[in-house]
Amino acid sequence: MFFFADLTHIEVVDIIEVLGTIAFAISGIRLASAKRFDWFGAIVIGFVTATGGGTLRDLLLDVPVFWMQASRYIWCTLFAFIIVLGFRKYLVHLNNTIFWFDCIGLGLFVVVGYEKALVLGYPVWVCVSMATITGIVGGIIRDILINEVPIIFTQELYAVACILGGILFSILYYFNIQLLVIEVSTAVFVVVIRFFATRYHIKLPILKGED
């Protein structure tokens, strides 16, 4: 907290975005490793996982696509690749590795997506939508590319966690809570929801076809 106290809010958001990018890229590259992709394919999957949601968000908000404005997102992906490459014996064989990195990336990107729409003056429902899109779309594209059913449709409260995180952000912002507290609280809230939903198998009802 003392470190963040000396930073401007823009710098804090940049740090959140970088951490989220690395976390999501690791989750994508780890999955690509399990699918025995080559190095280039793994890097592409990592990059798409980390930037897919933000790309769609920016296109919908009609603003320049974020990763085309700075090279750090490519470097973050390459850094994530080096982490997976260096620790692949541990990361690839740990069943919950992707879960934790995916949770962290999800929580951080919900914050980034919400704030971007908020700064542009959009209403709450759009901010919550952009938070959710930022969090989930990269993972959807990743899963499609590696020929898996997107986890948003099969795992416990994935998109719902993003929506609830966006709602929490809205409530705290309405009561003028310090922005850094809102950001940390929202990210942690999303991670906690994902953890407990997975730990206790909390899911939405399944839509059944005709018997």
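Here the structure is a predicted model, which is why all the values come from computation and not from measurement.

The phi torsion at Asn147 lies on the positive side, around 65°, for a residue other than glycine. Looking at the element boundaries, Asn147 is found in the loop between helix H7 (124–145) and helix H8 (158–174). Within the chain, His201 stands out as a residue other than glycine whose phi angle is a positive 55°. Considering the arrangement of structural elements, one finds His201 in the segment after helix H9 (179–199).

What follows covers helix H3 (residues 39–61). Relative to the 33 Å expected for 23 residues at 1.5 Å per residue, H3 spans 33 Å between its end C-alpha atoms, a close match to the ideal helical length. The largest bend in H3 amounts to roughly 45° and is located at Thr51. Here H3 starts with a cap whose side-chain oxygen sits 3.3 Å from the backbone nitrogen of Phe40, and that cap is Asp38. Where H3 ends, the next residue or the one after it, Asp62, has phi of about 60°, a positive value.

Okay, the packing of H3 against helix H4 (residues 72–86) next. In helix packing, the relevant descriptors are the interaxial angle and the interaxial distance, both defined with respect to the helix axes. For the pair H3 and H4, interaxial distance at closest approach is 9 Å and the crossing angle is 125°. If you check the angle between H3 and H4, you find them oblique. Remark: the crossing between H3 and H4 carries right-handed chirality. Two secondary-structure elements touch here, H3 through Trp39, Ala42, Ile43, Gly46 and Phe47 and H4 through Tyr73, Ile74, Thr77, Leu78, Phe81 and Leu85. Looking at side-chain class alone, the contact of H3 with H4 contains nine nonpolar, two polar and no charged residues.

Right, let's talk about the UniProt feature "transmembrane region" (unreviewed entry) in the protein for a bit. Here, UniProt's "transmembrane region" (unreviewed entry) annotation points to residues 12–32, 39–60, 72–91, 98–114, 120–145, 157–174 and 180–197. Between the end C-alpha atoms of residues 120–145 the distance is 32 Å, and the span holds 85% helix and 0% strand. Helix makes up 94% of residues 157–174 and strand makes up 0%, while its end C-alpha atoms are separated by 25 Å.

Residues of the protein with pLDDT of at least 70 account for 89%, and the chain-wide mean is 88. Contacts of residues 1–6 to residues separated by more than four positions or lying in other chains number five contacts, the stretch itself having pLDDT below 50.

Rules used throughout
- Residues numbered from 1 in each chain as written.
- Predicted model: local features only at pLDDT ≥ 70, side-chain atom pairs only at ≥ 80, totals over all residues.
- Heavy atoms only, no water.
- Helix = DSSP H or I, 4+ residues; strand = E, 2+ residues; numbered from the N terminus.
- Expected span 1.5 Å × (residues − 1).
- Bend = angle between axes of the 7 residues up to and from the residue.
- Polar contact = N/O pair within 3.5 Å; in protein donor to acceptor, adjacent residues only side chain to side chain.
- Axes fitted to C-alpha atoms, helices over the stretch in contact; angles between N-to-C directions.
- Parallel < 35°, antiparallel > 145°, perpendicular 65-115°, else oblique.
- Left-handed = near helix turned anticlockwise from the far one by under 90°.
- Contact = heavy atoms within 4.5 Å.
- Nonpolar A, V, L, I, M, F, W, Y, C, P; charged D, E, K, R; others polar.
- UniProt positions renumbered as here; feature names shortened; annotations may be inferred.
- pLDDT = per-residue confidence, 0-100.

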